[in-house]
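For reference, the chains in residue letters:
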Amino acid sequence: MQIVAAADGRDLGSTLSPFMASARTLVFVETSTMAIHTQPNPERLSSRSVDGETTRLLQDADVDAVVVGSVDAGSLLALERIGVPVYPVGRATVLEAIGAVESGRAHAAHTPTE
């Protein structure tokens, strides 16, 4: 499973960003190996929601899920359109958030959490 974390750093110990659009980095984690690669968030601070460039990037990378602190209506809609569930896990590190998704403690959002 490939999970992308909207984070403020570049590793598994990085803190999740409160919102997708404010994240400095997108941390791509292949959960079977915990291998990571990172990419700057292409839409950082362009608005509160992500769409366009970020969603194309996630779709092209065949991402299975996104973890973030909380999710706004625009980002939730954009991710739903491309079939990527978003897991708002509050204040956590990338590693903690992935653990919450894999263990079933985190649940995909169906409504905004902000």
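Sequence positions are assigned chain by chain, starting from 1 and proceeding in written order. Only residues with pLDDT of 70 or above have their local features reported here, since the model is predicted, and side-chain atom pairs are shown and tallied only from 80 upward, although totals for entire chains, interfaces and linings are computed over all residues. Derived side-chain values reflect all non-hydrogen atoms in the structure, with water molecules and hydrogen atoms excluded from consideration.

Chemist: Can you lay out helix α2 (residues 73-81) for me, pointing to particular residues and giving the numbers?
Modeler: Note: α-helices contain 3.6 residues per turn, so residues at a spacing of three or four share the same orientation. Among the residues of α2, Ser75, Leu76, Ala78 and Leu79 are the ones counted as buried. Buried residues of α2, seen end-on, are gathered within an arc of 165 degrees and therefore sit on one face of the element. Where the residues of α2 are buried, they touch α1 (53-60), β4 (65-68) and β5 (86-88). Helix and strand assignments follow DSSP, with helices taken as H or I runs no shorter than four residues and strands as E runs no shorter than two, numbered in order from the N terminus. The first or second residue beyond α2 is Gly83, which carries a positive phi of 75 degrees. Summary of the burial criterion: residues with accessible area below 20% of their type's maximum are buried, those above 50% are exposed, and those between are partly exposed, where the area comes from a 1.4 Å probe applied to protein chains only. The arc in question is the one spanned by the directions pointing from the helix axis to the C-beta atoms. A contact between two residues is defined here by any heavy atoms of the two lying within 4.5 Å.

Chemist: Explain the environment of Val84 to me, using residue names and the numbers behind them.
Modeler: Within the element layout of this structure, Val84 appears in the loop between α2 and β5. As for Val84 and Ala109, which are separated by 25 residues in sequence, their C-alpha atoms are 11 Å apart. With sequence-adjacent residues up to four places away left out, Val84 is seen in contact with Val63, Asp64, Ala65, Val66 and Leu79.

Chemist: Please give an account of unusual backbone geometry that cites residues and values.
Modeler: At Met34, a position not held by glycine, the phi torsion is positive, near 65 degrees. Relative to the helices and strands, Met34 is located in the loop between β2 (25-30) and β3 (35-40). In this structure, Asp62 takes a positive phi of about 55 degrees despite not being glycine. Within the secondary structure layout, Asp62 lies in the loop between α1 and β4.

Chemist: An account of the side chain of Thr55 is requested, with residue identities and associated values reported.
Modeler: Checked against the element boundaries, Thr55 lands in helix α1. Look at Thr55 and you get buried, because its relative accessible area is 6%. In this structure Thr55 touches Ala78, Leu79 and Ile82, once residues within four positions along its chain are discounted.

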